[in-house]
Amino acid sequence: MEWLGEIPEHWEAASLGSIIELKSDKNHPDYEVLSVYREYGVIKKDSRDDNHNATSLDTSNYKAVAPGDLVVYKMKAWQGSMGISVYKGIVSPAYITCKVNAEKIHPEYLHQLLRCNLYIGEYNRLSYGVRVGQWDMHYEDFKHITTTIPPKEEQITIASFLKNKTVHIESAIGIKEKQIDLLKERRQILIHKAVTRGLNPNAKLKDSGVEWIGGIPEHWEMKKLKYLINKAFSGGTPSTDKLDYWDGGIPWVSSIDVKTNYLNNTIREISYKGLLHSSSNIAPKGSVVFVTRSGILQHTFAISIMGKEMAINQDIKCLILTKFISAEYLQKLIQGNNSQILFETRQQAATVESINMEAFYNLLIPLPPKEEQIEILKYIETTTTKIATAISLKEKEIEKLKEYNTTLINSAVTGKIKVG
């Protein structure tokens, strides 16, 4: 197989179907529900709070899984969503469940093999469907994939080697992620102090009247946000049934795009016709946009400044500000007090978190003179640039470690390196 390349002479190459057997054992509603994650393999569904797939009220049609069974999420196989289960439980009918020939194949070796990048590329080739995000892979295709089968003792050695190496790599990644969190916390503290206290450490303070803000310089004002906004509006989504409403060159902002200080690119585009026949609106360059409804609001108040004119959807609010506050200053004020502003304005809607707009408009915020806002923004830019550089370096180090881990697994399970 060209995609697999050469394997050691004493290894066997056989179809996956020769070491697994399709199973469909049902009627076990009392078993614990399991799920498959691309990053972790088979896990207990209730062990994580980011799984939004609802469990059916009637689980009698769910498939039973025993420890050592292979479980494949066939609609996400092209992403590597599969693994050997260490749990007894049940999974949705959308999964493929297989019994593994444990006499011939070591489960931990097979777990690593089938989740490595070479194999994920093959699942991608075999998966198909109308929507890319929900491609399907059939068992009849899956079972014909070529499997590398070293002697059993060698399989155990490879699995043990990878487990040991992976633990060390994941530990190193965890340390760097904590370092990034500390750097982000330091950056937020710097911004918070600048936008609530100013730059003069000797300035006389007065009570702001807001507990989480505390004292502010005497010459600053406290203003309700609504008095600093000239205009506010949301957008909409063109009909998904009309193909000529989409991909027409007009960038269209949704919640997934609001991740940077300045917004210049979007994942989706709409057409001029789509803009005319929907409630979508154009947010002008320099305006402030923020997410009003999305799961992202569990973690952060997502806010950006428009780098150019773009259309927005119904989950985005655009603000045109008065001359008394700059877009950049409002952005930094929110970023420096992100968790508190989320606490003050976030509400749980029927299905997902949202911003209570009345609470947002009535936020009392500290307002320095416009000239002082400019000075504070320059200071923040200077003091946070080094922190941003340090974060970027840590992120690149994490990416390199992940690449190394991927290469190591690919090489070990396909015999490109000798283990033990």
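The structure displayed is predicted, hence computed values, not measured ones.

Peer 1: What should I look at first to understand the overall build of the protein chain in this one?
Peer 2: The secondary structure content of the protein chain amounts to 9 helices and 25 strands. On the principal axes, the C-alpha backbone points of the protein chain span a range of 80 × 50 × 45 Å. With 420 residues in all, the protein chain has 45% of them scored as buried. Charged side chains of the protein chain number 52 positive and 49 negative; the gap between the two group centres comes to 4 Å.

Peer 1: Before we go on, may I ask you to explain the side chain of T345 in this structure?
Peer 2: Relative to the helices and strands, T345 resides in helix α7 (residues 338-345). Classification of T345 as buried rests on a relative accessible area of 1%. Excluding anything up to four places from it in sequence, T345 contacts F301, S354, I355, N356, A359, F360 and L363.

Peer 1: Would you take a moment to explain the packing of helix α4 (residues 152-197) against helix α9 (residues 370-413) for this structure?
Peer 2: When two helices pack together, you describe them by how their axes are tilted relative to each other and by the distance separating the axes. Interhelical geometry of α4 versus α9 gives an angle of 170° and a closest axis separation of 10 Å. Here α9 runs roughly antiparallel to α4, going by the angle between their axes. Residue composition of the contact of α4 with α9, by class: 26 nonpolar, 5 polar and 10 charged.

Peer 1: Whenever I open this one, the environment of L228 confuses me. Can you help?
Peer 2: Its place among the elements puts L228 in the loop between β13 (221-224) and β14 (229-234). Each C-alpha atom, one on L228 and one on I325, is 6.9 Å from the other, the two residues being 97 residues apart in sequence.

Peer 1: For this particular structure, what's the right way to read the pattern of salt bridges?
Peer 2: A pair can form between side chains of opposite charge whenever their charged atoms are brought close. The full count for this structure, using the stated rule, is 10 salt bridges. A salt bridge links E12 to K104; the nearest nitrogen and oxygen atoms lie 3.4 Å apart. Of this pair, E12 sits in strand β1 (residues 12-15) while K104 sits in the loop between β9 (95-100) and α1 (107-114), placing them 92 residues apart in sequence. One salt bridge in this structure joins E122 and R125, with 2.7 Å as the shortest N-O distance. Placement of both E122 and R125 in helix α2 (residues 117-126) is noted, with a separation of 3 residues, approximately one turn of the helix. Owing to a relative accessible area of 58%, R125 belongs among the exposed residues under this scheme. Where salt bridges share partners, they join K176, K394 and E397 into one cluster.

Peer 1: Which parts of the structure should I look at to understand the packing of aromatic side chains?
Peer 2: To describe a pair of aromatic rings, one takes the distance between the centres and the angle between the planes. Taken as a whole and judged by the stated rule, the model has 10 aromatic pairs. Judged by centre distance (4.7 Å) and plane angle (40°), the ring pair of F290 and F360 falls under tilted. A residue pair is termed long-range when its members are at least 10 positions apart, and F290 in strand β19 (residues 288-291) and F360 in helix α8 (residues 357-361) qualify at 70 residues. Judged on exposure class, the residue F290 and its partner F360 are both buried. Within the aromatic cluster, the residues linked to one another by ring pairs are F290, F301, F360 and Y361.

What counts and what doesn't
Residues numbered from 1 in each chain as written. Predicted model: local features only at pLDDT ≥ 70, side-chain atom pairs only at ≥ 80, totals over all residues. Heavy atoms only, no water. Helix = DSSP H or I, 4+ residues; strand = E, 2+ residues; numbered from the N terminus. Buried < 20%, exposed > 50% of the residue type's maximum accessible area, 1.4 Å probe, protein only. Lys, Arg positive; Asp, Glu negative; His and termini not counted. Charge placed at Lys NZ, Arg CZ, Asp CG, Glu CD. Contact = heavy atoms within 4.5 Å. Axes fitted to C-alpha atoms, helices over the stretch in contact; angles between N-to-C directions. Parallel < 35°, antiparallel > 145°, perpendicular 65-115°, else oblique. Nonpolar A, V, L, I, M, F, W, Y, C, P; charged D, E, K, R; others polar. Salt bridge = Lys/Arg side-chain N within 4 Å of Asp/Glu carboxyl O. Phe/Tyr/Trp six-rings, centres within 6.5 Å; stacked < 30°, edge-to-face > 60°.

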